[in-house]
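Secondary and tertiary structure notes
Below are the chains, spelled out letter by letter.
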Amino acid sequence: MNIKKRLRTDRFVFVSLLLLFIIGGGTRLNGSHQPVKIELDNRLQIIYQQDLASEMTVVKLFFRGGQSAEPASKRGLAFLTTRLCTELQTRGMIREMVELGSAIHVNSEGDFSSIQVKSLSENLDKTLEILVNNIRDPLLSSIRINNIKRFMKHVQKNESDTVQRLFIVTSLSHFFGNTGYGGSNMGTEVSLKGIKKKDIKQFFNRFIHRANMGIVVTSDLERKEIVAILKKHISRIAEGQALQTGTEIRLNTSEKPLIRIDKDSQQTLVGISVKLPPVNSKPYLYGYLLRVLMGNSIGSRIW
């Protein structure tokens, strides 16, 4: 089965907007307002939702590319590069971030990498200043690279030891193979070994810049204040050139109804995975609602 080549530019924007809309119910609820889209001077798009429930701000930076932009032999490159952008370079920075009470989370998926910052709204300005200093000029030392690789190998082991996660990774690998949408965003032990500093620099220069970004914000701060803070700090990130990222996805069509994985465990997991239509509003919404209605773990209706 071939899915026509399509640009993935707005997927992360749509997904984030949809989740915010579902959470907010599309109306003002518990201090939340309907999300709005803002475009800055350089065409950088921001999805902003004011939420007065707490004096907290969450900013999520999206960079197009992700796992689908990785060479087949260097899986894990997107996560590794993005994580290096958030590694604080001095003890003073680490101490200051702790004192601010701010948290940073990194992820990579098929179409994008992301950096999420959560902080007290009064500390947002200083938190972004520290983060952007690292994004502008990450310290790509061998020690830092090897430390993150060790962390990624640890996550790989956890994924292989956790049956639910192993099922998800195996299903993705079966359907998507080596396209970048299959397997773990942590790569493999072999692929991590093949990633060198020059690979990280090339990936960083190509994808980590303003022309390749999108931003989602939830905050109690007013729109004008959020825009001013983002303009102040995001403008310091390299401008770069706009990329039209996208890939032709070839799904595995082989008839292999049963995949068996033998584990030294007294547990058995039986899972079913199915192919869905290409991502757009209806299939994604239906899938999300189905997951909510069915529930997870012991709360599931089929437990």
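This one's a predicted model, so the numbers in the text were calculated from it and none came from an experiment. (Residues numbered from 1 in each chain as written. Predicted model: local features only at pLDDT ≥ 70, side-chain atom pairs only at ≥ 80, totals over all residues. Heavy atoms only, no water.)

Some words on the overall build of the chain
Under the convention used in this document: Counting from the N terminus, the helices are DSSP H or I runs at least four residues long and the strands are E runs at least two residues long. Burial classes follow relative accessibility: with a 1.4 Å probe on protein chains only, a residue under 20% of its type's maximum area counts as buried, one over 50% as exposed, and anything between as partly exposed. Exposure was quantified through the Shrake-Rupley algorithm and a 1.4 Å probe, taking into account, for residues, occlusion by the shown protein chains and nothing else.
Each helix and strand in the chain was counted, giving 10 helices and 8 strands. Among the 303 residues that make up the chain, the fraction classed as buried is 42%. Summed over all atoms, the accessible surface of the chain reaches about 17,600 Å², with 53% contributed by carbon and sulfur.

Section: the sheet that holds strand β4 (residues 56-64)
Adjacent strands of a sheet pair through backbone hydrogen bonds, lying either parallel or antiparallel. Heads up, the rule is: Between any two strands, pairing holds if DSSP finds at least two bridges. An axis is simply a line fitted to the C-alpha atoms; with a helix, the fit covers only the stretch in contact. Between two such axes, the angle follows the N-to-C directions and lies from 0 to 180 degrees.
With respect to topology, 6 strands assemble into an open sheet ordered β2-β3-β7-β4-β6-β5, the strand pairing being mixed. Two strands lie at the open edges of the sheet, namely β2 (36-39) and β5 (103-108), each paired on one side alone. Neighbour to neighbour, the strand axes of the sheet diverge by 20° on average, direction disregarded. Of the strand pairs in this sheet, β5 and strand β6 (residues 112-120) are connected by 6 bridges, and their pairing is antiparallel. Within β6, the position partnered with asparagine 107 by the bridge is serine 114.

Some details on the packing of helix α2 (residues 77-84) against helix α8 (residues 197-207)
Between two packed helices, what matters for the description is the angle formed by their axes and the separation of those axes. Selection criterion: The labels follow the angle: roughly parallel below 35 degrees, roughly antiparallel above 145, roughly perpendicular from 65 to 115, and oblique for the rest. In what follows, a contact means two residues having at least one pair of non-hydrogen atoms within 4.5 Å. Gly falls in the polar group here, along with every residue not listed as nonpolar (Ala, Val, Leu, Ile, Met, Phe, Trp, Tyr, Cys, Pro) or charged (Asp, Glu, Lys, Arg).
Running from N to C, α2 and α8 cross one another at 80°; their axes reach a closest spacing of 10 Å. Looking at the two axes, α2 sits roughly perpendicular to α8. Along its contact with α2, which presents Leu77, Ala78, Leu80, Thr81 and Leu84, the element α8 presents Asp199, Ile200, Phe203 and Phe204. Considering only residue class, the contact of α2 with α8 consists of 7 nonpolar, 1 polar and 1 charged.

Points about helix α6 (residues 163-176)
The periodicity of an α-helix, 3.6 residues per turn, causes residues three or four places apart in sequence to face the same way. Heads up, the rule is: Given the number of residues in a helix, its expected span is that number minus one, multiplied by 1.5 Å.
An ideal rise of 1.5 Å per residue puts 20 Å on 14 residues; α6 measures up with 20 Å between its terminal C-alpha atoms. Listing the buried residues of α6 in full gives Leu166, Val169, Ser171, His174 and Phe175. Phi turns positive one or two residues past the end of α6, at glycine 177, with a value near 55°.

What about the pairing of β6?
The pairing of β4 with β6 spans 9 bridges and is antiparallel. Directly across from valine 59, in β6, lies its bridge partner valine 117.

Details of the nonpolar core
What counts, and what does not: Each nonpolar core is a collection of buried residues, namely Ala, Val, Leu, Ile, Met, Phe, Trp, Tyr and Cys, held together in the definition by side-chain atoms within 4.5 Å.
Among the nonpolar cores identified, the biggest contains 28 residues, and Leu61, Ile215 and Leu230 are the most heavily contacted of them. Excluding its chain neighbours within four sequence positions, the residues that come into contact with isoleucine 215 are Leu44, Gln45, Ile46, Ile47, Val59, Lys60, Leu61, Leu230 and Ile234. Among the nonpolar cores identified, the runner-up in size contains 17 residues, and Ala78, Leu140, Met186 and Phe203 belong to it.

Things to note about α2
With respect to burial, α2 is a largely interior element, 7 of its 8 residues being buried. For α2, the complete set of buried residues consists of Leu77, Ala78, Phe79, Leu80, Thr81, Thr82 and Leu84. Close packing links the buried residues of α2 with β5, β6, α5 (142-161) and α8.

Quick notes on the pattern of salt bridges
To be explicit about the condition: Throughout this description, the term salt bridge denotes a Lys or Arg side-chain nitrogen within 4 Å of a carboxyl oxygen of Asp or Glu.
Scanning the entire structure with this criterion turns up 9 salt bridges. Ionic pairing is found between aspartate 199 and lysine 74, a salt bridge with its closest N-O pair at 3.4 Å. Within this pair, whereas aspartate 199 is found in helix α8, its partner lysine 74 is found in the loop between β4 and α2, the two being separated by 125 residues in sequence. When the shortest N-O distance is used, the salt bridge between aspartate 199 and lysine 198 registers 3.7 Å. Overlapping salt bridges, with partners in common, bring together Lys74, Lys198 and Asp199 in one network.

A short note on the packing of α5 against α6
For the pair α5 and α6, interaxial distance at closest approach is 5 Å and the crossing angle is 100°. Judged on the interaxial angle alone, α6 and α5 are roughly perpendicular. From α5, Glu159, Ser160 and Asp161 reach across to α6, where they touch Val163, Arg165, Leu166 and Val169. Here the residues of the contact of α5 with α6 sort into 3 nonpolar, 1 polar and 3 charged.

Structural notes on the side chain of glutamate 70
The following threshold applies: Distance and chemistry together define a polar contact, namely a pair of N or O atoms within 3.5 Å, with one atom able to donate a hydrogen and the other to accept it when in protein, and with adjacent residues in sequence counting only for side-chain atoms on both sides.
Tracing the chain through its elements places glutamate 70 in the loop between β4 and α2. Among the polar contacts made by the side chain of glutamate 70, one reaches the main-chain amide nitrogen of leucine 77 at a distance of 3.2 Å. Looking at glutamate 70, its side chain comes within polar contact range of the main-chain nitrogen of alanine 78, at 2.9 Å. Setting aside its immediate chain neighbours within four residues, glutamate 70 contacts Arg75, Gly76, Leu77, Ala78, Phe79 and Phe203.

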